[in-house]
Amino acid sequence: MATVSGRRRKRKIQLSKLFTLTGAKACFKPDHSKIGRSGFSRVVFCNQPDSPEAESRNYCDNYVRTTKYTLATFLPKSLFEQFRRVANFYFLVVGILSFTPLAPYTAVSAIVPLTFVILATMFKEGVEDWRRKQQDIEVNNRKVRVHRGNGNFDLREWKTLRVGDILKVEKNEFFPADLVLLSSSYEDAVCYVETMNLDGETNLKLKQGLEVTLSLREELNFRDFEAFIKCEDPNANLYSFVGTMDLKGEKYPLSPQQLLLRGSKLRNTDYIYGVVIFTGPDTKVVQNSTDPPSKRSMIERKMDKIIYLMFLMVFSLAFFGSVLFGIWTRDDFQNGVMERWYLKPDDSSIFFDPKRAPMAAIYHFLTALMLNSYFIPISLYVSIEIVKVLQSIFINQDIHMYYEEADKPAHARTSNLNEELGQVGTILSDKTGTLTCNSMEFIKCSIAGTAYGRGVTEVEMAMDKRKGSALVNQSNGNSTEDAVAAEPAVKGFNFRDERIMDGNWVTETHADVIQKFFQLLAVCHTVIPEVDEDTGKISYEAESPDEAAFVIAARELGFEFFTRTQTTISVRELDLVTGERVERLYSVLNVLEFSSSKKRMSVIVQDQDGKLLLLCKGADSVMFERLSESGRKYEKETRDHVNEYADAGLRTLILAYRELDENEYEVFTERISEAKNSVSADREALIDEVTEKIEKNLVLLGATAVEDKLQNGVPDCINKLAQAGIKIWVLTGDKMETAINIGFACSLLRRDMKQIIINLETPEIQQLEKSGEKDAIAAALKENVLHQITSGKAQLKASGGNAKAFALIIDGKSLAYALEEDMKGIFLELAIGCASVICCRSSPKQKALVTRLVKTGSGQTTLAIGDGANDVGMLQEADIGVGISGVEGMQAVMSSDIAIAQFRYLERLLLVHGHWCYRRISKMICYFFYKNITFGFTLFLYEAYTSFSATPAYNDWYLSLYSVFFTSLPVICLGIFDQDVSAPFCLKFPVLYQEGVQNLLFSWRRILSWMFHGFCSAIIIFFLCKTSLESQAFNHEGKTAGRDILGGTMYTCVVWVVSLQMVLTISYFTLIQHVVVWGSVVIWYLFLMVYGSLPIRMSTDAYMVFLEALAPAPSYWITTLFVVLSTMMPYFIFSAIQMRFFPMSHGTVQLLRYEDQCSNSGNFEMGRQGSVRPTLVMRSHQPES
C-alpha cells in the first residue's frame, strides 16, 4: 500500500511541475480597479448559495438548453419558419381564399395538401429537436459532488447547481459550470485540464489555485469555509478573467489561471475543489455558442428564383385570362341576345354581370390565382429535405470512406450542401495533418556544420522520379524505394547514421558540440515522462508531435530523459570523458514558452557544475539573427543544410545555447516575475519583451529535420481531382522550399509546370528592410509585389492562357500585400489562370481571407479542408467546409459541414457522392417543375376553352392529391437512388465531374427546356383529348363526353405521361423505383374506383365515373394510349438524337458501358472538346518489346 501511495505521490510531483516553472503569484493590476463597476459587478457568496444576499441576485440556474423550440414555442415558431417560405405563404393565402365564394374548388381540398406538407416538415423539425432535447437531458442530469454543509458532499444533478456552490470534481469528469479553482489533489493546487471541447486542442492546460486556498484539500475543510468573490460579468472571452477573492478580510486577485470552464475535462489529477461562479447561460462556453454561418447551395438559391419565375407566370396567366374574361363578359349582351346564355349573365350578381365587367374581371383574377396555384409544386421543399437527409445517410454509411485504423466513418454534419459537393471548382487545403499525417519522425540533423542522417524522404523519392535519376541510399546502397519503405522500429525515430549511433559520436571531431546538441534535445521541452510499471519502458506525453520526436531521438542516440520533478530534469547520457553511462540532473529554473509570434522556446537550467545555461530552439527565420558574432562558426554550413532539408520536405528547427552569468540572470528573474505577475491585457507582450532581451547572443549548435509523411493516397487523390478539372490551392505555414517540394511529392506540382514565384525574401528586399522608414518600405514592397504579379500575368498571356502549364507560389509577406483591396483583383486573375496555387507562411487569418477572395471573386464553388483550430476560419468562409478528424483535436470537425478521416476520401466524396447528388437534385427539381407545368397548363387551357369561366377541368380531390400522392414518391426515389454511371466509372472518368462544375444540368437553358417540355406535353394532352372526345359519342349508348369524362381522361393521360417521363429520366432502376413509378399509376386507377364508389355527396362529380363511364368505353383506353404515345414521342426522338449525335460525357460513358467496350481501363482516355462538352477518345497501346 505504501508503494502504491509513493508511486502516486511521485506521479503528482512530475505532473505538477510546469506551472511552478512558468507561473508566479498574481498581484493587483489596473484591471482590478474595475471591480464593482459596470461589466464587473458580479458578486459570488462562496459556500452560501442559500443566503438571502445570494438569492437576491437572481442568477440563472445551471440548466442549459440547445434546442430550437420548447413545448410552448414549438407550434408558433415552427409555423413561422414554414410560412417564411414564399411558396408556403402563397398556398396559405390560397387556402384562406378557398373559404370564400371566389374559390373554384372546395376549401377542404385546398387545405389538406398544405396541411400535409406543413405537418411533414414540422414532424421532421420536431424529431431533430427532440434528439437535441435528449442530449440536453443527458447533460443536465449528469451528477457531481456538491457541498451540502458540515463537510458533507452529496451527488447532485448539474441542472440544480447554483452560483456559490462548492464542488468536488474527480478525474476524467467534465466541469459542470465555470468554477474558480480552490485546491486539488496536488499540494500546490495544480490541475490539468483538457479543453478539446472548447478549442479543439488536445494538449493539456495547467491551472493553479490561490496560495491562500491550498490547504483546502479535504472535504471537512469546507465545513466553515466562507469567502466572497467579486468578478467580471458573464462574457464570451474564453481567455480572460478578472476578479478578487475576499477571504478572512484579505483580498486576493483572480486570473484566468484559476478559471475552470464548463465543458473542459479534468485530466491527470485525482480531484479538485472549486466554487461555481457562472452557471448555465452565463458560462463562457454557452456565451460563445453561436449558430454556424448559414450556408445555402447554389441550386437552392437558384430554385428560389425559379419559384419567383413561376409566380410571375401564374400572375401573368391570371391577368391575361381576367382581361379576356372581362371583355367577353362585357360583350355578353349584344342587341338583347345573350352570347353565353349557359352562364346566366342576366341572373348574375357580379361574376358574369355584363354591367359590372371590370369588377367581374378583378374577381376572376383572384379566382384564377387560386386555380393556377397548381403550377407551383407544393411538395417541392419537403421532398428535397427528405432526399437530402437520406443522401447524407448514404454518405455516412459509405464503407469506402470508413477509416478502420481510427474507427472513423465519414460524417455529413449538414445535409444542406449535398449537391454543392458536385460543383466544387476550387479546393483550398491545409497541409500539416491534412495532406500529411502530423506524425513526426526524426530523420536528419546538422551538427557543427556536418550533416547526419542517411534516410530518404518521400519528397526526395518524388524528386528522384521527376529527374529520372536513380537516387541510392548512401549507407547501404539500397534504392530509394527500399529506403522509404522501411518502417521505423521506434515510432517518431527514422534516423540512420552509423557515425553517431550506438555511441559512435564520441569519436567524431566535434563530439563536444554533438553532446551539447543532444543534451539540448533531452532538456529543452515541456514533455512529461510516463514509466510503465510492468515493463519499465518510458513513454512521453508531449504537447506536439515535434516535441515527442526530439525527446525520442535524444533517447535513441544515448541521451535518455527519464524523470521530471517540479524543478529538475534527469537524463541518462554517455560521459564524454569516462565513456560510461551516467545520470545527470538539471535544475530547471525557467521555461520560456513557445508562441506563434516568437517562433521559439527556451529553458534556463543549471547543470551539476553550477553553470547557468539558456537552451533555445526555434525557426530559422528568428534564430540566425539571435546568434552572437562568436556563435556563428557553423552558420553557412547549417544554412545550406537547412535549405537542403527544406528541399526534401522536412520541418527544421535551429538549436542554440548560451551561458548566463548570475547577475544577468538575477535581473532577468526580477523582470520576468514582474511581467508574469501582471494580470492586465498586455501580460503576454510584457513577457515577450523580457524574453526578447535574454534570448540573444546565442551559440549555434545545429539544426534538426523531422519528416511529416504524406497520408496514404494523397498523390493519387490530387491527381484524380486535377483530372476532374478542380483547381487545388494549398495554404501552409511552411517555408517556400518545403511547400514546393511537398507539392511535387503529392502531385500538386508537375515537372512540365512553369512556376510563377512571388516572394519578398530576396537579398535586395532584405537590404531594403534594414534601412529607411516603415511607410517607404511598405510602399516599396507593395510595388514589388504588384510588379511580380503583373509579370506573372504577362507570362500567362504569352502562353495563350494555358492554365495547365503554370503554378503560382506566393509567400505570406507578399500575400499580405496581394490581399489588399486595390491589388486582390489582379492577384485573383493571376491565380485563377494557374492550375495550382501554393500560399506559404500563411496565417490563419490569411487562409480565411484567401478563401473569401476565391469564393466571391471566381464565382465558383469553393471547398476548404483542414484539421486544426487554425483552419476554422477557412472552413467557415468556404462554401463547403470539410474537417479532417485527425490528431489536432476536433475544432475543425466541429466547425465543418462534412467530416472525413483521411484526405484521400475527398476523391470519392466529390467524384462519386458529389456527382450523384448534383445530378439527382438537379434532375429532381427540373422534373418537379415539368410535372406541375404539365398538370397546371391543362387546367389553364381548359379554362380558356370554357371562355375563362374559372371552371376547373378536374374534380377537387384530383387537384389536391396530384402533387402529394400520385406523383411525389417517384421523384423522391429519383433523388435518392438514381445513378448516371456507377461509382467505379465516376472514379475512372473524373471528367464527368465537370458537368457539375460548369452547371450543365441546372443551367437556365436546361431549366427552361424542361418547362417548355411541360407546356408542350400539356398542349398535346389537352387538344388531343378534347378533339378525340368532343365530336362523337363516347360510348355505345351514344352519350357524349361531359366535363367529368374529359377531366378523367385528361388526368389519366397526365398521370401516365409524367410517370413514363420519369421512366425515361431514370438512369439506374431499382426495385423500389419500379414499385413507386408503376404503383403511382395503379394507385390512380384504384383511387378512381374507390373514390367514385363513395356516396355522391362525397364523390360529387366523380361518382361512378370510372366504373360506369370510363372503364367500359373502348374510346377511353384508345384515347389514353394514343395521347400518351403522341406526348412522349417528341422527347423520345430528341433523347435518341442527342445520345447518338450530341452526347454529354455521362451519355458517352453509358454507351461505352452498354456496348461493353470499356472492359479494359487502358483502352480509353478522357479528353475535352472546348470547355464544355467532354468526349472519350480511344487510345491504342503497342506492346512493349
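It should be emphasised that the depicted structure is a prediction, and the values quoted were computed from it without experimental measurement. (Residues numbered from 1 in each chain as written. Predicted model: local features only at pLDDT ≥ 70, side-chain atom pairs only at ≥ 80, totals over all residues. Heavy atoms only, no water.)

### Observations regarding the sheet that holds strand β3 (residues 153–157)
Strand order in this open sheet of six strands is β3-β2-β4-β13-β5-β11, and the pairing throughout is antiparallel. Edge positions in the sheet fall to β3 and β11 (259–260), since each of these pairs with one other strand and no more. In this structure, strand β2 (residues 143–147) lies alongside strand β4 (residues 166–170), joined through two bridges in antiparallel fashion. Note on β4: the bridge partner recorded for V146 is L167. (Pairing = 2+ DSSP bridges. Helix = DSSP H or I, 4+ residues; strand = E, 2+ residues; numbered from the N terminus.)

### Some thoughts on empty space enclosed by the protein
Scanning all chains against the criterion turns up six cavities of 30 Å³ or more. Looking at the largest cavity, its volume works out to about 150 Å³. Only α5 (86–97), α6 (107–140) and α30 (956–966) provide two or more residues apiece to the lining of the largest cavity. For the lining of the largest cavity, a count of residues per class yields nine nonpolar, six polar and no charged. Here the second largest cavity is characterised by a volume of approximately 60 Å³. Looking at the second largest cavity, the residues that line it are A953, Y954, N955, Y958, R1043, D1044, G1047, G1048, D1101, A1102 and V1105. Here the element with the most residues in the lining of the second largest cavity is helix α35 (residues 1043–1065); it accounts for four residues. Here the lining of the second largest cavity is built from residues that sort into five nonpolar, three polar and three charged. (1 Å grid on protein atoms, 1.4 Å probe; cavity = no way out; pocket = protein on both sides within 12 Å on 5 of 7 lines; lining within 4 Å. Points joined across faces, edges and corners; volume = space filled by probe spheres on them. Nonpolar A, V, L, I, M, F, W, Y, C, P; charged D, E, K, R; others polar.)

### What about the pairing of strand β24 (residues 581–592)?
As judged from the seven bridges shared by strand β23 (residues 568–574) and β24, these two strands associate in the antiparallel manner. Residue pairing across strands places E573 opposite V582, the latter belonging to β24. Hairpin connection of β23 to β24: six residues between the antiparallel strands, including G579 at a positive phi of 75°. As paired strands, β24 and strand β25 (residues 600–606) are joined by five bridges and run antiparallel to one another. When the bridges of β25 are listed, V591 appears paired with V603.

### Focus on unusual backbone geometry
Phi is positive for K248, which is not a glycine, with a value near 55°. Its place among the elements puts K248 in the loop between β9 (243–247) and β10 (250–254). On the basis of relative accessible area, K248 is assigned to the exposed category, the value being 80%. For N697, which is not glycine, the phi torsion reads 55° and is therefore positive. (Buried < 20%, exposed > 50% of the residue type's maximum accessible area, 1.4 Å probe, protein only.)

### A closer look at the side chain of Q711
Within the element layout of this structure, Q711 appears in the loop between β28 (699–710) and α20 (714–723). Taking relative accessible area as the criterion, Q711 reaches 4% and is therefore assigned buried. Within the local environment of Q711, its side chain forms a polar contact with the backbone oxygen of T434, the two atoms lying 2.9 Å apart. Looking at Q711, its side chain comes within polar contact range of the main-chain oxygen of T436, at 3.1 Å. In contact with Q711, other than residues within four places in its own chain, are G433, T434, L435, T436, C437, Q902 and F903. (Polar contact = N/O pair within 3.5 Å; in protein donor to acceptor, adjacent residues only side chain to side chain. Contact = heavy atoms within 4.5 Å.)

### Quick word on the packing of helix α31 (residues 968–977) against helix α36 (residues 1071–1092)
Direction vectors running N to C along α31 and α36 enclose 160°, while the axes themselves pass 9 Å from each other. Viewed along their axes, α31 and α36 adopt a mutual orientation that is roughly antiparallel. In terms of crossing hand, the pair formed by α31 and α36 is left-handed. Residues L969, P970, C973, L974 and F977 of α31 lie in contact with α36, whose contacting residues are I1072, Q1073, V1076, V1077 and S1080. (Axes fitted to C-alpha atoms, helices over the stretch in contact; angles between N-to-C directions. Parallel < 35°, antiparallel > 145°, perpendicular 65-115°, else oblique. Left-handed = near helix turned anticlockwise from the far one by under 90°.)

### What to know about the pattern of salt bridges
This model, assessed by the stated rule, comprises 47 salt bridges. Between E385 and K124 there is a salt bridge, with its nearest N and O atoms 3.6 Å apart. With E385 in helix α11 (residues 380–396) and K124 in helix α6, this pair connects stretches of sequence that are 261 residues apart. Among the residues examined, K124 registers a relative accessible area of 22% and is labelled partly exposed. (Salt bridge = Lys/Arg side-chain N within 4 Å of Asp/Glu carboxyl O.)

### Points about a nonpolar patch on the surface
Together, L1064, M1129, F1132, I1133, I1137, F1141 and F1142 give the surface a local cluster of nonpolar side chains, amounting to about 720 Å² of exposed area. With five residues, the top contributor of residues to the nonpolar patch is helix α39 (residues 1114–1141). By the element assignment, M1129 lies in helix α39. (Patch = residues over 30% accessible without salt bridge, like charges linked within 9 Å, V, L, I, M, F, W, Y side chains within 5 Å. Areas by Shrake-Rupley, 256 points an atom, 1.4 Å probe, with all protein chains shown as cover.)

### Section: the sheet that holds β9
Strand order in the open sheet formed by four strands is β1-β8-β9-β10, and the pairing between neighbours is antiparallel. The strands lining the two open edges of the sheet, one partner per strand, are β1 (42–46) and β10. Within this sheet the neighbouring strands show an average axis-to-axis angle of 20°, counted without direction. In this structure, strand β8 (residues 227–231) lies alongside β9, joined through four bridges in antiparallel fashion. Bridge pairing in β9 links K230 to T244.

### Digging into the packing of aromatic side chains
According to the stated counting rule, one finds 52 aromatic pairs in the structure shown. Aromatic side chains F935 and Y954 sit 5.3 Å apart centroid to centroid with 10° between the ring planes, which places their arrangement in the stacked category. In this pair, F935 is assigned in helix α29 (residues 905–945) and Y954 in the loop between α29 and α30, connecting sequence segments 19 residues apart. Relative accessible area serves as the criterion here: at 1%, F935 is assigned to the buried category. Owing to a relative accessible area of 1%, Y954 belongs among the buried residues under this scheme. (Phe/Tyr/Trp six-rings, centres within 6.5 Å; stacked < 30°, edge-to-face > 60°.)

### A short note on the environment of H1013
As for its position among the elements, H1013 is in helix α34 (residues 1004–1030). Separated by 79 residues in the primary sequence, H1013 and T934 place their C-alpha atoms 8.2 Å from one another. Not counting residues up to four positions away in its chain, the partners in contact with H1013 are Y930, Q1061 and Y1131.

### Focus: the confidence of the model for the protein
Taken as a whole, the protein shows an average pLDDT of 83; of its residues, 84% reach a score of 70 or greater. Considering only residues more than four positions removed or in separate chains, one finds that residues 1–30, a stretch of pLDDT under 50, has 71 contacts. Scored below 50 in pLDDT, residues 1157–1185 makes 47 contacts in the model with residues more than four places away or belonging to other chains. (pLDDT = per-residue confidence, 0-100.)

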